[in-house]
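# Secondary and tertiary structure notes
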Amino acid sequence: HPYQCSCGNRPERPSKGHKWDPATQQWGGKGHKQKGASGQTATVAQAESVTAVGNVAVKQWQKLPSKLLADLCKKNSKEMGMPIYRPIGNR
């Protein structure tokens with residue numbers, strides 16, 4: 001069993017999760033346990049970015065149409081693949 005030490009050099013582990021501290025030769029605590037909304041982390045605010053073509057300022061909450069289309073294609077990758085962009089002259 002990985003949590004049982006049979007060498008006799010250290011005391012029995014208090015319970016699963018405690019870590020052995022070699023400096024003090026004692027069992028330490030279990031550490032911080034995350035509880036609650038672990039998947040709903042707050043996003044860090046970003047400054048608005050300016051596109052290279054068109055010089056358009058895009059705020060943090062906005063998305064360009066190409067980004068929306070790419071996200072949709074990624075989400076529905078089984079039904080439709082990524083779009084292929086071709087210049088207008090090469091039809």
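Residues numbered from 1 in each chain as written. Predicted model: local features only at pLDDT ≥ 70, side-chain atom pairs only at ≥ 80, totals over all residues. Heavy atoms only, no water.

Across its full length, the protein chain holds 1 helix and 4 strands. Secondary structure of the protein chain in N-to-C order comes out as β-β-β-β-α. Buried positions account for 8% of the 91 residues belonging to the protein chain. Taking the intrachain contacts of the protein chain between residues at least 6 apart in sequence as the baseline, contacts between residues at least 24 apart amount to 0%. Carbon and sulfur atoms provide 54% of the accessible area of the protein chain, an area that totals close to 8,600 Å². (Helix = DSSP H or I, 4+ residues; strand = E, 2+ residues; numbered from the N terminus. Buried < 20%, exposed > 50% of the residue type's maximum accessible area, 1.4 Å probe, protein only. Contact = heavy atoms within 4.5 Å. Areas by Shrake-Rupley, 256 points an atom, 1.4 Å probe, with all protein chains shown as cover.)

Another point: a nonpolar patch on the surface. Together, Leu69, Leu72 and Tyr85 make up a nonpolar patch on the protein surface, roughly 300 Å² of accessible area in all. Checked against the element boundaries, Leu72 lands in helix H1 (residues 65-75). You can call Leu72 partly exposed: its relative accessible area is 38%. (Patch = residues over 30% accessible without salt bridge, like charges linked within 9 Å, V, L, I, M, F, W, Y side chains within 5 Å. Salt bridge = Lys/Arg side-chain N within 4 Å of Asp/Glu carboxyl O.)

Our next topic: unusual backbone geometry. A positive phi is found at Gln25, a non-glycine position, where the angle reads about 55°. Mapping Gln25 onto the fold places it in the loop between strand E1 (20-21) and strand E2 (26-27). Exposure remark for Gln25: the relative accessible area of 47% places this residue in the partly exposed category. In this structure, Asn55 is a non-glycine residue whose phi angle is positive, near 55°. Take Asn55: it is sitting in the loop between strand E3 (49-50) and strand E4 (57-58). By relative accessible area, Asn55 is classed as exposed at 62%.

Attention now moves to the confidence of the model for the protein chain. Looking at the protein chain, pLDDT values average 76 and 74% of them are 70 or higher. Averaged pLDDT values for the elements of the protein chain fall to 82 in E1 and rise to 90 in E4. (pLDDT = per-residue confidence, 0-100.)

Next up on the list: the environment of Pro11. Looking at where Pro11 falls in the secondary structure, it is placed in the segment before E1. Of the residues examined, Pro11 reaches a relative accessible area of 48% and is grouped as partly exposed. Residues contacting Pro11, with those up to four places away along its chain left out, are Trp20 and Trp27.

Here the distance between the centres and the angle between the planes together describe a pair of aromatic rings. Within this structure, the stated rule accounts for 1 aromatic pair. Arranged with centres 5.1 Å apart and planes meeting at 75°, the rings of Trp20 and Trp27 form a pair that is edge-to-face. This pair shows no difference in class: Trp20 is buried, exactly as Trp27 is. (Phe/Tyr/Trp six-rings, centres within 6.5 Å; stacked < 30°, edge-to-face > 60°.)

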